[in-house]
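Working through the structure, step by step
Residue strings, one per chain:
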Amino acid sequence: MKIIILGAGQVGTTLAENLVSEDNDITLVDNESPQLQALQEKHDLRVVQGSPSSPKVLRDAGAADADLMVAVTASDEINMVACQMGYTLFNTPTRIARIRNSEYLREKDKLFNDENVPIDHLISPENLVTDEITRLIAYPGALQVAHFANNRISMVVVRAYYGGPLVGYALSAFREHMPHIDCRIMSILRNGKPIRPQGSTIVEAGDEITFICATEHIKAVMSELQRLEKPYKRVMIVGGGNVAAGVAKCLENVCTVKLIERDEERANLLAEKLSKTLVFYGDASDQNLLFEEHIENVDVFLSLSSDDEANIMSALLAKRLGAKKAMVLIQRIAYINLIQGGSIDIVVSPQQATISALLGHVRKGDVKNVATLRHGIAEAIEIVAHGDESTSNVVGRKIGELRLPMGTIIGALLRGNDVIVARRQVVIEEGDHVVIYLSDKKNVPEIEKLFQPSAFFI
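Conventions and cut-offs
- Residues numbered from 1 in each chain as written.
- Predicted model: local features only at pLDDT ≥ 70, side-chain atom pairs only at ≥ 80, totals over all residues.
- Heavy atoms only, no water.
- Salt bridge = Lys/Arg side-chain N within 4 Å of Asp/Glu carboxyl O.
- Buried < 20%, exposed > 50% of the residue type's maximum accessible area, 1.4 Å probe, protein only.
- Helix = DSSP H or I, 4+ residues; strand = E, 2+ residues; numbered from the N terminus.

For the rest of this paragraph, the subject is the pattern of salt bridges. Applying the stated criterion to the full structure yields 20 salt bridges. We note a salt bridge from Glu252 to Lys249, for which the minimum N-O separation is 4.0 Å. When its relative accessible area of 5% is taken as the criterion, Glu252 is described as buried. The class of Lys249 is partly exposed, set by a relative accessible area of 44%. Taking the shortest distance from any N to any O, the salt bridge between Glu293 and Lys258 comes out at 3.1 Å. Separated by 35 residues along the polypeptide, Glu293 in the loop between α12 (287-292) and β15 (300-303) and Lys258 in strand β13 (residues 256-261) bring together distant segments of the chain. Among the ionic contacts, a cluster of salt bridges with common partners joins Arg95, Asp114 and Asp120.

In C-alpha cells:
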C-alpha cells in the first residue's frame, strides 16, 4: 500500500515506524529537515520537505497515485486543507485527519463530508484519551482495557497481587474457580520478561497478565488475580485542557470530582462549564492546597496537564501525601516504561491511543479494531473472517489447525451475538469477528494475509 503521512511529530513518526516494516511504501512529509533526514537514515522510507498542505509538495510526495493520506500535523487547519487537496487535485482514495479542536468536532457531521471538507476518518486524540481514562476508572485495578466486537469482547491487562484467589495456583485452576465464566490468558509478563501461558504455569504475585473474556465478565476475572478494588468515588484532576475537562464531565455524575487548574481565566471558564465539579485555581505542587482538599481521601489522582514533567512530579507528590492511585498523562513515549509500575500506577499515552485508532483504518483486510499493548511492543486486532472453505485459509477450519506465527494467539470471537472464547476445537465461520493477540506486531502482515480470501486477488 502506498501511504503518505503528513507531519513528522511523535504520532507521524511512530505511525511510519509501525507501517514501514509491513511492506508498505511510506512517504513522510514535514517542514523540518533534520527530523526527516534522521528518519530516512533509520528506516526504509521516502521523505519530502515542505508544507504538507502545498499542492506542489503533495505532488512531489506522490499524492497522485497514493492509496492513503494520513494528515497528523500539529495544525487541524493544515490537516483539513491537505485532505481537501488530496480529494480535489489527486483523487486520493482514503483520507484520514487528526482533528483536536472541539469546535470542529462538534460540527463534524456537517463539516466533514465530500461536499465540504472531504475527510473519510477523523482521529481525535483528546476524545480517545478521555475514553481510555474513563474505561480505567470503570474497572479499578486494571492497567489497560481494550474493547472489541462492538464492546462485547475485552482484552484487559492487570497485575496479580497476593489476595487474588488464583495467585500461587496453576492457570488450569481457572476453570475450577470460575466454572460458569470462560476466559483465556493471552500473556504473562514476569520481571519484564514474557512467559508463554500454559495450563501448568503458576501465577505469581507481581505478574502482569493480559486476559480476554466477554466484557460483562471483566470484574469477575480480575477478582481471581487481585482483591477487587472498590469503585473509585473521590477523584482529583490536575489540568484544565480538553482531556481534563472531558474526563471531569464524564465522571462528575458518578464521582466526587475536584479539578486544579493553574490558569485563573481557564479555571473560571471550567467552573462555569462543569456543573458538579469543584474547580480550584492553584498549583497541584502546593502541598498546603492538597492537604486542604484532603488528598489522603482521594481514590484516584489524575495528572492530565500538557506538561509531562509537571504531571509526573504532582502525581509522585500526591501518592506520597496519601492518594491511593495515581494516573498520569505522558506525551513522550520514552518516559512511559521509566515511571509506570513504581509510585505511579498507570500511564496513559495520547500517542499510543492515536496510533491504535489510525492502525484500525490502515490495516489490510477487514480489520475493525486495533489496540497497541505493552506500550507498543504487542498488538491486538479484531479481523472479520470472509470466504468459504475453498477461498479462505481460516473459514471452516479448527483454530488448532491454523499455522499462526510464534507468539500469536486467537483469543475470542463474536459470532452473531455470541462471544466464544477460542479453543483448539472451535471452527471459524464466515462473518466471525476474530480477536487476535500478537506478542510481536511484526507478524501482523502474516495474519492479514492468512485472513484474506484468495478470491479477492483473482
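What follows continues from the structure just given.
A separate point is the environment of Arg106. Looking at the element boundaries, Arg106 is found in helix α5 (residues 102-106). Along the sequence, Arg106 and Phe174 sit 68 residues apart, while their C-alpha atoms lie 46 Å from each other.

The next thing to look at is helix α1 (residues 10-20). Counted residue by residue, α1 has 9 buried out of 11 residues, so it is predominantly covered. Residues Val11, Gly12, Thr13, Thr14, Leu15, Ala16, Asn18, Leu19 and Val20 constitute the buried set of α1.

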